[in-house]
Amino acid sequence: MRSLCTQANTHPNSHCHLEMPKGIRIRDETVALNVFRIAQEAVGNSIRHSGATEISMCLEREGDLVRLVVQDNGKGFRV
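> For this particular structure, what's the right way to read the sheet that holds strand β2 (residues 54-62)?
Whether parallel or antiparallel, the strands of a sheet pair through hydrogen bonds between backbone atoms. Taken in spatial order, the three strands of this open sheet run β1-β2-β3, and their pairing is mixed. One side of each edge strand has no neighbouring strand; the edge strands of this open sheet are β1 (15-19) and β3 (65-72). Strand after strand, the sheet turns through a mean of 10 degrees between neighbouring axes, direction not considered. Bridge count for β2 against β3 is eight bridges, and the pairing is antiparallel. The partner of S56 across the bridge, within β3, is Q71. Across the face of the sheet, helix α2 (residues 29-50) comes into contact with β2 and β3 while running at roughly 10 degrees to β3.

> Teacher, can you tell me more about the pattern of salt bridges here?
Note that side chains of opposite charge can pair when their charged atoms are close. Under the defined criterion, the tally for this structure stands at two salt bridges. The residue E62 makes a salt bridge to R67 at a minimum N-O spacing of 2.9 Å. Salt bridges here are not isolated pairs; linked through shared partners, they connect E60, E62 and R67.

> When you look at α2 in this model, what are you seeing that I'm missing?
Along an α-helix, a turn takes 3.6 residues, which lines up residues three or four apart on a common side. Between its terminal C-alpha atoms α2 stretches 30 Å, which fits the 32 Å expected from 22 residues at 1.5 Å a residue. If you check which residues of α2 are buried, you get V35, A39, V43, G44, S46 and S50. On its buried face, α2 sits against α1 (2-8), β2 and β3. Among the residues of α2, the N-terminal cap falls to D28, whose side-chain oxygen and the backbone nitrogen of T30 are separated by 2.9 Å. Once α2 finishes, G51 follows within two positions and takes phi at roughly 75 degrees, a positive value.

Rules used in this analysis
Residues numbered from 1 in each chain as written. Predicted model: local features only at pLDDT ≥ 70, side-chain atom pairs only at ≥ 80, totals over all residues. Heavy atoms only, no water. Pairing = 2+ DSSP bridges. Helix = DSSP H or I, 4+ residues; strand = E, 2+ residues; numbered from the N terminus. Axes fitted to C-alpha atoms, helices over the stretch in contact; angles between N-to-C directions. Contact = heavy atoms within 4.5 Å. Salt bridge = Lys/Arg side-chain N within 4 Å of Asp/Glu carboxyl O. Expected span 1.5 Å × (residues − 1). Buried < 20%, exposed > 50% of the residue type's maximum accessible area, 1.4 Å probe, protein only. Polar contact = N/O pair within 3.5 Å; in protein donor to acceptor, adjacent residues only side chain to side chain.

The structure is reproduced here in structure tokens:
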């Protein structure tokens, strides 16, 4: 996740911030890969489609659950 945020920061018009209170180990490799790919897609969409200049990723654990939140200041879309 840190490397994903670092990579997003190489884009000239965006700043990515990662909030991860402590290292989170996901023992199931399939779950870990899926969480990473979801974050990767969300950050990519923020940069490519929303025009976001600020991206925030938060990864945290609550018991057996892992929560990923990706927010940006982009233009959004109607649901």
